[in-house]
Amino acid sequence: MNTLARIFNWKRAIIASVVVLFLLIVFNFYGIYTHKFYFTNPKNFLFPLLTTAHFLYLYVLWFKISEDELPDPKMRNIEYALYAILIVYCFKIYESAMMLASLSTFTEHVIPPTFKPIGIIALSLYSLLPILTFYTFWLRKRYVGTYNFENYNNNLNIWQ
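Residues numbered from 1 in each chain as written. Predicted model: local features only at pLDDT ≥ 70, side-chain atom pairs only at ≥ 80, totals over all residues. Heavy atoms only, no water.

In this structure, what is going on with the layout of surface pockets? I would like to understand it.
Empty pockets left among the atoms are what a rolling probe the size of a water molecule brings to light. Roughly 560 Å³ of volume is contained in the largest pocket. Taken together, 25 residues form the lining of the largest pocket, with Asn28, Asn44, Lys92, Glu95 and Met99 sitting closest to its centre. At the level of secondary structure, the elements contributing two or more residues to the lining of the largest pocket comprise helix H2 (10-29), strand S1 (30-31), helix H3 (46-67), helix H4 (73-101) and helix H5 (115-144). Tallying contributions element by element places H4 first for the lining of the largest pocket, with seven residues. Residues belonging to the lining of the largest pocket are distributed by class as follows: 15 nonpolar, seven polar and three charged. (1 Å grid on protein atoms, 1.4 Å probe; cavity = no way out; pocket = protein on both sides within 12 Å on 5 of 7 lines; lining within 4 Å. Points joined across faces, edges and corners; volume = space filled by probe spheres on them. Helix = DSSP H or I, 4+ residues; strand = E, 2+ residues; numbered from the N terminus. Nonpolar A, V, L, I, M, F, W, Y, C, P; charged D, E, K, R; others polar.)

Below, the structure is given as structure tokens:
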């Protein structure tokens, strides 16, 4: 893991996570069967709403690593919320795989030529997102520290 950390450092991991999240937000509004964007469907706004917690965690992680600060309870709560959001990410992987697998059932219908490439890209990005998320959790543990709040006040030195 340390070799991976030298090649794919914390800045690259956070930037890659932000790029993947932005691309997935765009793909979330894209109708893969119709080759159109749907901004009026309220269901399409659920994923971008959940990713705000992910963006917040990435911002807090960047700040904590660059300022060499200790973890705090707010960061822990955001990370625990991300554990729950990871279930949604896994569901999106399943949903994307089922969409790609449904190509054979629509042989008599007109399917846009972008169905397979966009579907494969979306499935790849959805699969990459949990990997990047767990990697950022590992980076938090390595660079920021573990969540040990029993002796938090005793270990806090405001003069440093």
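Teacher, can you tell me more about the pattern of salt bridges here?
Oppositely charged side chains can pair when the atoms bearing their charge come close. Inspection of the entire model under this criterion finds four salt bridges. The residue Arg140 makes a salt bridge to Glu79 at a minimum N-O spacing of 2.9 Å. Of this pair, Arg140 sits in helix H5 while Glu79 sits in helix H4, and the two are 61 residues apart along the sequence. Residue classification places Arg140 among the buried positions, given a relative accessible area of 7%. In this structure Glu79 comes out as buried when scored by relative accessible area, which is 0%. Between Lys92 and Glu95 there is a salt bridge; the shortest N-O distance is 3.2 Å. With Lys92 and Glu95 both in helix H4 and three residues apart, the pair spans about one turn of that helix. Among the charged side chains, a network of salt bridges with common partners joins Lys64, Glu69 and Asp72. (Salt bridge = Lys/Arg side-chain N within 4 Å of Asp/Glu carboxyl O. Buried < 20%, exposed > 50% of the residue type's maximum accessible area, 1.4 Å probe, protein only.)

For this particular structure, what's the right way to read the packing of H3 against H4?
Working note: a packed helix pair is described by the angle between its axes plus the distance between those axes. It is at 9 Å that the axes of H3 and H4 come closest, and there the two elements cross at 135°. As judged from the angle between their axes, H3 and H4 are oblique. Seen along the crossing, H3 lies across H4 with a hand that is left-handed. Facing H3, whose interface residues are Phe47, Leu50, Thr51, Ala53, His54, Leu56, Tyr57, Val60, Leu61 and Lys64, H4 presents Met75, Ile78, Glu79, Leu82, Ile85, Val88, Tyr89 and Lys92. Looking at the contact of H3 with H4 residue by residue, the classes come out as 13 nonpolar, two polar and three charged. (Axes fitted to C-alpha atoms, helices over the stretch in contact; angles between N-to-C directions. Parallel < 35°, antiparallel > 145°, perpendicular 65-115°, else oblique. Left-handed = near helix turned anticlockwise from the far one by under 90°. Contact = heavy atoms within 4.5 Å.)

Honestly, the nonpolar core in this entry has me stumped. Any pointers?
Membership of the largest hydrophobic core comes to 37 residues, with the highest contact counts inside it found for Leu24, Phe47, Tyr57, Leu61, Met75, Tyr89 and Leu129. Going through the elements one at a time, H2, H3, H4 and H5 are the ones with two or more residues in this core. At 11 residues, the largest contribution of residues to this core is made by H5. Ignoring anything within four residues of it in the chain, the contact list for Leu24 reads Phe47, Ala122, Leu125, Tyr126 and Leu129. (Core = buried A, V, L, I, M, F, W, Y, C linked by side-chain atoms within 4.5 Å.)

Would you explain unusual backbone geometry in this entry?
In the Ramachandran plot, His35 falls in the positive-phi region, its phi being about 60° despite a non-glycine side chain. For His35, the position within the fold is in the loop between S1 and strand S2 (36-37). For His35, a relative accessible area of 44% puts it in the partly exposed group. We note that Asp68 has phi near 55°; this positive angle belongs to a residue other than glycine. Locating Asp68 in the fold gives a position in the loop between H3 and H4.

Could you clarify how one ought to interpret a nonpolar patch on the surface in this entry?
There is a patch of nonpolar side chains on the surface, built from Ile15, Val19, Leu23 and Trp62 and spanning about 340 Å² of accessible area. Here the element with the most residues in the nonpolar patch is H2; it accounts for three residues. As for its placement among the helices and strands, Val19 is situated in helix H2. (Patch = residues over 30% accessible without salt bridge, like charges linked within 9 Å, V, L, I, M, F, W, Y side chains within 5 Å. Areas by Shrake-Rupley, 256 points an atom, 1.4 Å probe, with all protein chains shown as cover.)

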